[in-house]
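Here are the chains, one letter per residue:
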Amino acid sequence: MENILQFAVNALSLGGVYAMLAIGIALIYSVMGFLNIAHGDLLTLCGYAMFFCIGFGLPWPLVIIVGVLAAGAASVAMEQVAFKPLRSASFDTLLLTSFALSAAIHVVLQISISARPKPVPLPSFLTGSYKLGDIVIGTGQTLSIAVALTSMVGLTYFLRRTTMGLAMQAAAQDFDTTRLMGIQANRVISSAFFIAGILAGIAGVLIIAQRGSVDPLMAMNPLIKGLIAAIIGGTGSLYGPVIGGIILGVLETIFQTVLPGEALLFRDPLVLSLLVAFLLVAPNGLTGTRVERSR
Amino acid sequence: MTVSPMLQLDQIIVRYGAIMAVQGVSCEVREGEIIVLLGANGAGKSSLLRAILGLTPVDSGRVWFQGQDVTGWRTEALVREGLTLTPEGRNVFQSLTVKENLRLGGATMAREQAVETLERMLEQFPILRERYDQLAGTLSGGEQQMLAIARSLMSSPKLLILDEPSLGLAPVIIEEVFSLLSDLRDQGTTIMLVEQNVAQSLAIADRAYLLELGRIQREGPAASFLEDLNLHEIYLGGEG
Ligand SMILES: Nc1ncnc2c1ncn2[C@@H]1O[C@H](COP(=O)(O)OP(=O)(O)O)[C@@H](O)[C@H]1O
Ligand SMILES: [Mg+2]
């Protein structure tokens, strides 16, 4: 019984973080029509922002807020600098551009800061643990679940209740008609990138709290997980990436538990193989992908 | 009294690469009238409308709206000036409710004004009140078209442009759409209508233009078009 609880906490905390990344990827995909490979690097930029804030001696709540906002701002800046000039370009062009952008970010960080990890010591209660009956549960994991849940509730509210949120859903279906509502395309796109960036920043804080450091290439693994979660779940609705993230969290936790030590290396390849098998059966993901795009 | 045109197009050209879809169209819409732009499939009607609204670039030529040169303006800005388009096909936001669709239609309005306009729309389109919290994608074709028109009207446009509003609708519903447009004109909205439904659109229109392969081939009072009984067969290939 306690094993099941422990398992659930592990799986959900992992899944929640993946879900936040996947939602951002899916949001950009549904509004802009391309997968942003540089999305993962927002985590890294959040990490460096926190690293510098700690260096300046800022109190940790401020460190976290600056880190999350930095990811949001970096996401908006990416759009302005790299994607906006290519508004009418094809999926392939934008995908390649995002690859190039990601590579450029890595190089700039490696040259200007260091290729080696920098410490980001977050307060101990983020990495500690507490006992519930007989089982030990990580505070970080509990927090991950709580934060992921809160973010999703907030996002649902935003998407269903605010004009900008509705406009974002409308733009995902038909961008031209959304503009005919007098809604500014630029504002919708910037908002989508900002929200995706904020979610990546929140995921970044949770991931960095666990590993305690930041380095230029750290986002590779989370990015792939976020992409997988978005693809398994489908990008047609908010629920798709969340379900995808949780499935991924559950699978990884299962493999983590059942694989013998020396086979743990194969955890990610196994998860990836399952993804490929899954896509053969359901190429549009669990909840479907919007294909009726206007451009 | 001289009435200055609400919309004036001067030698509009629209190209898609090597294809010239609109080849120098000039026409005007005066305040308070319904004009209809007739033309077969591929004549360039949608391209012209999209160019007016800034959704497709104008290659050359000028667009004047209320005496102002608005060529090259962004769509959003034109809508705020009081120009709007109900595009071709079923373009309601399928996964949003009727209420949410209407709310987006009034996105540019001040809150009180949006609430007031919404109430008027629900009076004018009782079916939308019945379907208020339903997803737009679950409405029938005719209901979706009504919603699309009501959504355009939410921004209280001075000029409403419609691209083939009768397309794919049952004859009874088409009747309803046309009588709605004629009511709207009587209430003071100026209307530019693109149609392939010749007889019915000429019946409500004040003036008409015929577009063929990107050029205006004929223009005049709707009544003079109606007199030419063979027009339908001659110009539109007997369809619609
Ligand atoms: N996005 C586009 N790219 C290339 N050609 C187009 C595009 N849209 C329309 N066309 C072409 O322009 C011409 C006019 O099309 P359109 O304006 O849709 O006519 P209509 O609305 O009168 O049926 C057609 O030959 C059509 O194939
Ligand atoms: Mg057309």
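Everything discussed here concerns the structure shown above.
A. Spotlight on the site of ligand 1. Residues and elements named next belong to chain B. The environment of ligand 1 is made up of Tyr-16, Ala-21, Ala-40, Asn-41, Gly-42, Ala-43, Gly-44, Lys-45, Ser-46 and Ser-47. About the coverage of ligand 1: the protein hides 59% of its 550 Å² of free accessible area. In terms of residue count, the dominant contributor to the shell around ligand 1 is helix 1 (residues 45-52) (three residues). Partitioning the shell around ligand 1 into residue classes produces four nonpolar, five polar and one charged.

B. The arrangement of helix 3 (residues 98-105) of chain B in detail. Burial runs high along helix 3 of chain B: six of the eight residues are buried. Lining the buried residues of helix 3 of chain B we find helix 6 (139-161) and helix 7 (163-173) of chain A together with helix 4 (111-124), helix 5 (126-130) and helix 6 (141-153) of chain B.

C. Up close: the interface of chain A and chain B. Each partner contributes residues to the interface: chain A has 21 residues there, and chain B has 23 residues. Carbon and sulfur atoms make up 55% of the surface buried where chain A meets chain B, a total of about 2000 Å² over both sides. The largest share of the area that chain A buries against chain B comes from A:Arg179, A:Leu180 and A:Met181, three residues that together contribute 33% of it. The interface formed by chain A and chain B contains three salt bridges. Between B:Glu100 and A:Arg160 there is a salt bridge whose closest N-O contact spans 2.9 Å. For the pair chain A and chain B, the number of links is ten residue pairs in polar contact (both at pLDDT 80 or more). Elements that contribute at least two residues to the side of chain A that touches chain B include exactly helix 6, helix 7 and helix 8 (175-179) of chain A. Sorting elements by how many residues they give to the side of chain A that touches chain B places helix 7 of chain A first, with six residues. Of the residues contributing to the side of chain A that touches chain B, the split by class is seven nonpolar, eight polar and six charged.

D. Region of the structure containing the coordination of the magnesium ion (ligand 2). All names here are of chain B. The coordination sphere of the magnesium ion (ligand 2) contains the protein donors Ser-46 (OG), Glu-88 (OE) and Glu-88 (OE), at a distance range of 2.0 to 2.8 Å. With a gap of 42 residues between them, Ser-46 in helix 1 and Glu-88 in the loop between strand 6 (83-86) and helix 3 connect regions that are remote in the sequence. With relative accessibility at 36%, the residue Glu-88 sits in the partly exposed group.

E. Geometry of the pairing of strand 8 (residues 190-195) of chain B. All names here are of chain B. In terms of residue burial, strand 8 counts as a mostly covered element, since six of its six residues are buried. In strand 8, alternate side chains face the same way, and those of Thr-190, Met-192 and Val-194 on one face and Ile-191, Leu-193 and Glu-195 on the other are all buried. With five bridges joining them, strand 3 (residues 34-38) and strand 8 adopt parallel strand pairing. Looking at strand 8, one finds that Ile-35 is bridged to Met-192. Pairing geometry for strand 7 (residues 159-163) and strand 8, over five bridges, is parallel. Each bridged residue has a counterpart across the sheet, and for Ile-161 the counterpart in strand 8 is Met-192. Crossover connection from strand 7 via helix 7 (residues 171-186) to parallel strand 8: handedness right-handed.

Rules behind the numbers
Chains are numbered independently. Their residues run from 1 in the order of the written sequence. As a convention, the first chain written is A and the first ligand written is 1, with the rest following in written order. Reporting in this predicted model follows two pLDDT cut-offs: at least 70 for local features of residues, and 80 or more for side-chain atom pairs to be given and counted; totals over whole chains, interfaces and linings ignore these cut-offs and use all residues. With hydrogens and water excluded, all non-hydrogen atoms of the structure serve as input to the side-chain values. Throughout, the term near means that a residue has one or more heavy atoms lying within 4 Å of the molecule or strand in question. The Shrake-Rupley method, run with a 1.4 Å probe, gives the accessible areas here. Residue values count only the displayed protein chains as cover. Elements are defined by DSSP. Helices are runs of H or I of four residues or more, strands are runs of E of two residues or more, and each kind is numbered from the N terminus. When residues are grouped by polarity, Ala, Val, Leu, Ile, Met, Phe, Trp, Tyr, Cys and Pro land in nonpolar, Asp, Glu, Lys and Arg in charged, and all others, Gly among them, in polar. For the exposure calls, accessible area comes from a 1.4 Å probe over protein chains only, and a residue counts as buried if that area is under 20% of its type's maximum, exposed if over 50%, partly exposed in between. By definition in these notes, contact holds between two residues if any of their heavy atoms fall within 4.5 Å. Buried area, as used here, totals the accessible surface that two parts lose on assembly, with accessibility defined by a 1.4 Å probe and the loss added over both. For this analysis, a salt bridge means a side-chain nitrogen from Lys or Arg found within 4 Å of a carboxyl oxygen belonging to Asp or Glu. Nitrogen and oxygen atoms within 3.5 Å of one another constitute a polar contact, given that in protein one can donate a hydrogen and the other can accept it, and given that sequence-neighbouring residues count only through two side-chain atoms. Distances define the donors: N, O and S atoms within 2.8 Å of the metal qualify, as do those within 3.2 Å of Na, K or Ca. Water is excluded, so some sites may look unfinished. When DSSP finds at least two bridges between two strands, those strands are taken to pair. By definition, the crossover connecting two strands over a helix is right-handed if that path, from the first strand to the second, turns clockwise as seen with the strands pointing away from the viewer.

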